[in-house]
Amino acid sequence: MKKYQDLRSDIKKHINKLLNLSVIPILAKLKISPNLITIIGLFFSIVTMILIAQGYLLVSGIMVVISSLFDLLDGSLARYTKTTSILGGFFDAVIDRISEVIIYIGLLIYFKDNEYTVIIIFISALLNQLVSYIKAKYESYGVEGDVGIFTRSERIITLSAALILGSFNLFILYILLYLSIILSFISIIQRITFGLVNTKNK
């Protein structure tokens, strides 16, 4: 598990390095603030929700990837311009959670006539948010660690794949929703365990 977490961390470092050598300096010269990038990402999530609700799953899956890129950009831009702050981190984290929920709302609207699917979507959304909440909770006690097999990055990839592949065959969308539920549950256990072990001496 640690090897996987190290690999994920290395990938993120390489992505941030690539951004710092390409688009981030341009954004800095244009004096675009990290918070504006965050808001633009939220706007793309709202557009994605509308597209999902109308049944444009393929385009929606691509939009999920695009909106998630803004989540990478705002943090990288803040670090590059040395404008990181507690307020900015809080704002970014809140908008991230809202963006995820908004996309699931689109799915709920699209499948509103199928009670069974609505339940599956709701459970998936709920567990995803619990994964993020547990991390935020133990971090509030000064414990750092991005543990878990199903972090935000994996959730975005899975959701995007579910929409894109589900546009060709809805069965695949269901399979990936079930997968997100299972992996979220595993991550919840991992993060609860990590939090209990590392907060006992705080």
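Before reading on, note that the structure itself is shown above.
The following paragraphs examine the structure supplied in this document.

What counts and how
Residues numbered from 1 in each chain as written. Predicted model: local features only at pLDDT ≥ 70, side-chain atom pairs only at ≥ 80, totals over all residues. Heavy atoms only, no water. Core = buried A, V, L, I, M, F, W, Y, C linked by side-chain atoms within 4.5 Å. Buried < 20%, exposed > 50% of the residue type's maximum accessible area, 1.4 Å probe, protein only. Helix = DSSP H or I, 4+ residues; strand = E, 2+ residues; numbered from the N terminus. Axes fitted to C-alpha atoms, helices over the stretch in contact; angles between N-to-C directions. Parallel < 35°, antiparallel > 145°, perpendicular 65-115°, else oblique. Contact = heavy atoms within 4.5 Å. Nonpolar A, V, L, I, M, F, W, Y, C, P; charged D, E, K, R; others polar. Phe/Tyr/Trp six-rings, centres within 6.5 Å; stacked < 30°, edge-to-face > 60°.

### Here we look at the nonpolar core
Right, so step 1: In terms of nonpolar packing, the biggest core is built from 26 residues, with Leu107 and Leu163 touching the most fellow members.
Right, so step 2: Elements with a contribution of two residues or more to this core: helix H4 (57–80), helix H5 (86–110), helix H6 (115–139), helix H7 (152–166) and helix H8 (170–199).
Right, so step 3: For this core, the leading source of residues is H6, giving 7 residues.

### A few points about the packing of H5 against H6
Right, so step 1: Between H5 and H6, the least distance of the axes is 10 Å, while the angle of their chain directions is 175 degrees. The angle between H5 and H6 falls in the class roughly antiparallel. Residues Arg97, Glu100, Val101, Tyr104, Leu107 and Leu108 of H5 touch H6, and the partners they reach there are Val118, Ile121, Phe122, Ser124, Ala125, Asn128, Gln129 and Ser132.
Right, so step 2: Classifying every residue of the contact of H5 with H6 gives 8 nonpolar, 4 polar and 2 charged.

### Observations regarding the packing of aromatic side chains
Right, so step 1: Applying the stated rule across the entire model yields 5 aromatic pairs.
Right, so step 2: For the ring pair Phe111 and Tyr174, a centre distance of 6.2 Å and an interplane angle of 50 degrees mean the geometry is tilted. Within this pair, whereas Phe111 is found in the loop between H5 and H6, its partner Tyr174 is found in helix H8, the two being separated by 63 residues in sequence. Of the two residues, Phe111 and Tyr174, neither departs from the other in class, the shared state being buried.
Right, so step 3: Ring pairing ties together the aromatic residues Phe43, Phe44 and Phe70, which thus form one cluster.

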